[in-house]
Every structure is written in structure tokens, then in C-alpha cells.
Amino acid sequence: MLRSITQYRPVTAKKLTELRYWDNLSVDYRKTFLVASEVLPFRVNEYVLENFIDWSAPEDDPMFRLLFPQEGMLTRSQFARIEAAQNATSTDLREAVRVTREELNPHPAGQMTDNIPTLGEDILDGIQHKYAETALFFPSAGQTCHAYCSFCFRWPQFVGEPAWKIQAREAAQAVSYLRCHQEITDILITGGDPLIMNSKNLRRYVEPFLAVESLKTIRFGSKAVTYWPHRFLAGEDAADLLSLFEEIVASGKSLAFMAHLTHSRELEPPEVKAAINAIRATGATIRTQAPLLKHVNDDPVVWAKLWTDCSALGIYPYYMFVERDTGPSGYFRVPLWRAHEIYSSAISRVSGLSRTARGPVMSSHPGKVVIDGIVEVHGQRALSLRFLQAREPTFVGRVFLAEFDETASWLDDLRPLGGGEFFFEARGKPTEPAAPQWTAPERIMGGVHA
Ligand SMILES: *Cc1c(COP(=O)(O)O)cnc(C)c1O
Ligand code: SF4
């Protein structure tokens, strides 16, 4: 019998060792945990511990692997370095942790330098504008989550290294930017998880956007539906959140809730279903996206069930992502050919209504690239790839071929079929038409729009 939990109680690494769950973990795992959680951000809450993990065999449980650091997320030498430093001084430990984090590629795909826009002389904090029509907004009060996913590419935001944070203290600058950039129809409020904020704070960030006429859609990127469904159900703050959603819809804009759902099991608890119904009742739409992760959801049956159950609940399947090359990505990596196989197999098991899911998609430096298939060209195997989204808008929809490579798990691992370079890599040559209107100055964009 599950304990019913309606109070949000976070559980840190230190706290975990004091709870009864700790006793269900093997001696080996406890050692892994105590070392890895020095480097990787760890935070769960009582609700997820109670509802998503099978405590009779936690170490084989996919949700456990999603929420808890695992052996293999650090290399052997990183593990040894931290372990040695744990027995040394606290200064040594801090330094060992810092060095190890640096090795984990904290900001892949040029996030820190390439997509940060400017307004006049000001460099804007907390906004990323990579694709013409959609800007990302990172409110400073929304930089944590109700629980952390062990793979998460936003992890530098959680570990208290200020130089790695991207965040905005208020919406005013973003609003001015939107007014100057009428091509932006969508603002995606993200984090962390913006719903970690109380509704009053969230309202303070969101309401100014409602007056921007060129903006058509407000999106929230969040995992709160499953990591803390009572966010939408319990008490005054939940009621205030739902009325904010209603207000957004009433303003004439669309409210698109981007729910991060990693495993079909996340939809099982009745309070998750109730949260979904409550969000939809405000007039919001819900879409779902998640990365494909080895050891967690690298199984077409899991995706097919997830998408079918989503459709039954009125959620539109949106993206299956390829795990980014950051943090402990080695542990979760799935080769691109295999990712394509899992996607195709999953899609073939669902009705047309669930085939709105696109994937597997790499959110890479030049844009979002989908692996469409494995083809044979004059007797040579190749991956067929296509841009779904691109920093350079004329690249959208372009198909290109890469040599089949059994081990490649990211765009950078691929070589063009027939040699040379990919069209989007061309440097110093006249590339596709001139830079799009919205391009930020060269010094910010790093010259990608040559
Ligand atoms: C994925 C993404 C978006 C949104 O793209 P859509 O295809 O419109 O969902 C916007 N900005 C960045 C940086 C992204 O990675
Ligand atoms: S909920 Fe989202 S932002 Fe938070 S840790 Fe998970 S993937 Fe990252």
C-alpha cells in the first residue's frame, strides 16, 4: 500500500541516508551514491520515492536510474579522484569536485555563448534566442526542480557554480526584446522547472508577456506533472496556478504545457492523471517530450505504451530526443542507429494519433536534427538525417546523408557520406543566404551565420 503524500518534502543526499529507503540499497550502491552525489546534483522528494520506485529491487528499476546517480556516470579515474579527496581536506574535495565537473562538458552546443541575445548595448540575461520564432526564458527563481533527473543537461544550473548559470530576474527586458523581435511567436518558459516557483512569482514573470501582441503561445517546460502532481491539485497555490493558466488562455494566447515524461510508469498514479485533467480543464494543451536513455527507456514497448497512454489522456506526443553530450552522458548513450530502431519500432505500435512524436532528434549546435532512417546508397549504408529546426532558417527540412557508424551517438561523431564536410559545416565559403533578420551581433553568435 502506497503512503499518500500531499506535502512536498525534498530529500537531499544527506537526508536520504537517514530514511528507511537507504536500508533497501546494497552496500556497493551506497558507496557509489556517496561518491557520485558529491559531483552530480541529487535531489528527490518523498512523493517520487514512494510512487515511482520498486523498493524490492531498486537497482534494477528504471525510475531509480533516472533519479539516482549510477556507477558508470563517472569514469573510474573520476570516481577514484573523488573517493581519495573524501579522505583528504575539504579544500581538496572541493577542488576535486570542481575539476570533475569541468570534465563533464557543462554547456554543450554553445549554449553559454551562442544564443544569448542583445538589446542595444545590453546583453540579456535569462533569454536564449536560437530559432527565429521561439525564444527560451529562464526565470531566476525557477532554476531548480521538484526532483533532479540524473541525466539532465541543465545540471550546471543546479550545482551552485554561478558562472554557469543563465537566468533572468524579471520579465521586463524579455518583453522589450520580444517587442523588437516580432518574429518570435513562442516563448518557452523553462529552467530548471519554472513550476518550482510559487504561483505569485510565476505570475509576475508571465503576466507582462500577455500584453505582447506578436506573441501567440506561452509554453512551460516542466516535469512537475509527475515529480510533484499536487502542484496542480492541493491548496490555494494550486488554485492560483490554474487561474493563471486560465488567464493566459483568456488573453487569447495559446498555453502549451511541455510535459517531460520519461517512462510510461510515470502516468500510473491517480494524482498524475488528476493533474493532467486539471491542466487541460484550463484550456491548455499538453505535449510530451523526453530523451531516449539507456537503462531507463531504451525499449520500444515503453515508448509505445507512453505515447498511447498520453493520447488517452489528451496529451500530444512531441519529441523523442537523443541524450545530449553533457554530464554523465556515457551511461545513458544509445547509438544513433539503435535510437532510430527504437523510435521506428515504437511508432509502428501506436495509432496515427500518437505518431505526432518526432524522433530521434538531436538538439545540436546547428539545429534540431532528426534521424529519418538507414538507407543504402550504391551499396554503402548511410544514415539519412534532416533538420527540423535550424539556427539558419533555410536549413529547415534539408536532408543529408552520413556514413553509417555503429558507435556514433551524436552529430559530431558522424562523417558525410562520400567525404568532405556537411553543408552546415561549410566555413569561409559563401553559405546559404544572408543571416536572418533576428541574428544577434557576431561577437555573440560566434560567427556561425558567416
Ligand atoms: C527545441 C528548442 C526550441 C523549440 O523548438 P520547437 O521545435 O519549436 O519546439 C527553442 N529553442 C531551443 C534552443 C531549442 O532547443
Ligand atoms: S526535471 Fe527537467 S530540468 Fe529538472 S532535472 Fe529533470 S530534465 Fe532537468
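Conventions and cut-offs
- Residues numbered from 1 in each chain as written.
- Chains lettered and ligands numbered in written order.
- Predicted model: local features only at pLDDT ≥ 70, side-chain atom pairs only at ≥ 80, totals over all residues.
- Heavy atoms only, no water.
- Helix = DSSP H or I, 4+ residues; strand = E, 2+ residues; numbered from the N terminus.
- Pairing = 2+ DSSP bridges.
- Axes fitted to C-alpha atoms, helices over the stretch in contact; angles between N-to-C directions.
- Contact = heavy atoms within 4.5 Å.
- Near = heavy atom within 4 Å.
- Polar contact = N/O pair within 3.5 Å; in protein donor to acceptor, adjacent residues only side chain to side chain.
- Areas by Shrake-Rupley, 256 points an atom, 1.4 Å probe, with all protein chains shown as cover.
- Nonpolar A, V, L, I, M, F, W, Y, C, P; charged D, E, K, R; others polar.
- Parallel < 35°, antiparallel > 145°, perpendicular 65-115°, else oblique.
- Left-handed = near helix turned anticlockwise from the far one by under 90°.

(A) Focus on unusual backbone geometry. The omega angle of the peptide bond from G191 to G192 is 10°, so this bond is cis rather than trans. Among the structural elements, G192 can be located in the loop between β7 (186–189) and α9 (199–210). You will see that H295, though not glycine, has its phi angle at about 75°, which is positive. Assignment of secondary structure puts H295 in the loop between β10 (285–292) and α13 (300–312).

(B) Local environment of the sheet that holds strand β5 (residues 127–131). Across the sheet, which stays open at both edges, the 11 strands sit in the order β5-β6-β7-β8-β9-β10-β11-β12-β13-β14-β15 with mixed pairing between neighbours. Each end of this open sheet is capped by a strand with a single partner; those strands are β5 and β15 (399–403). Averaged over neighbouring strand pairs, the angle between their axes works out to 30° when direction is ignored. Two strands pair when backbone bridges link them, and strand β13 (residues 367–377) and strand β14 (residues 380–390) are joined in this way by 10 bridges, in the antiparallel orientation. The residue bridging V377 from the neighbouring strand is Q380, located in β14. Strands in contact with helix α11 (residues 235–250) are β8 (217–222) and β9 (254–260); relative to β9, the strand with the most contacts, it is inclined by about 135°.

(C) Local environment of the site of ligand 1. Around ligand 1, the structure places K130, Y131, T134, L136, R219, Y318, Y319, S363, K368 and Q389. Take R219: an N or O atom from its side chain is 2.9 Å from an oxygen atom of ligand 1. K368 is positioned with one of its side-chain polar atoms (N or O) 2.8 Å from an oxygen atom of ligand 1. Considering ligand 1 on its own, with 390 Å² of exposed area, one finds that the protein chains cover 87% of that surface. Every element with two or more residues in the shell around ligand 1 is listed here: β5, β6 (134–137) and β11 (315–322). Broken down by class, the residue content of the shell around ligand 1 amounts to 4 nonpolar, 3 polar and 3 charged.

(D) Representation of the environment of Q70 within the structure. Mapping Q70 onto the fold places it in the loop between α4 (62–67) and α5 (76–86). With 34 residues separating them along the chain, Q70 and A36 place their C-alpha atoms 7.5 Å apart. The contacts of Q70, once residues within four sequence positions are left out, are Y29, T32, F64, R65 and Y331.

(E) View of the packing of α5 against helix α6 (residues 90–103). Contact geometry for α5 and α6: axes closest at 8 Å, N-to-C directions at 165°. Taken together, the axes of α5 and α6 are roughly antiparallel relative to one another. Seen along the crossing, α5 lies across α6 with a hand that is left-handed. For the pair formed by α5 and α6, the contact residues are Q78, R81, I82, A85 and Q86 on the first element and D92, L93, A96, V97, V99, T100 and E103 on the second. Its residues assigned to classes, the contact of α5 with α6 comprises 6 nonpolar, 3 polar and 3 charged.

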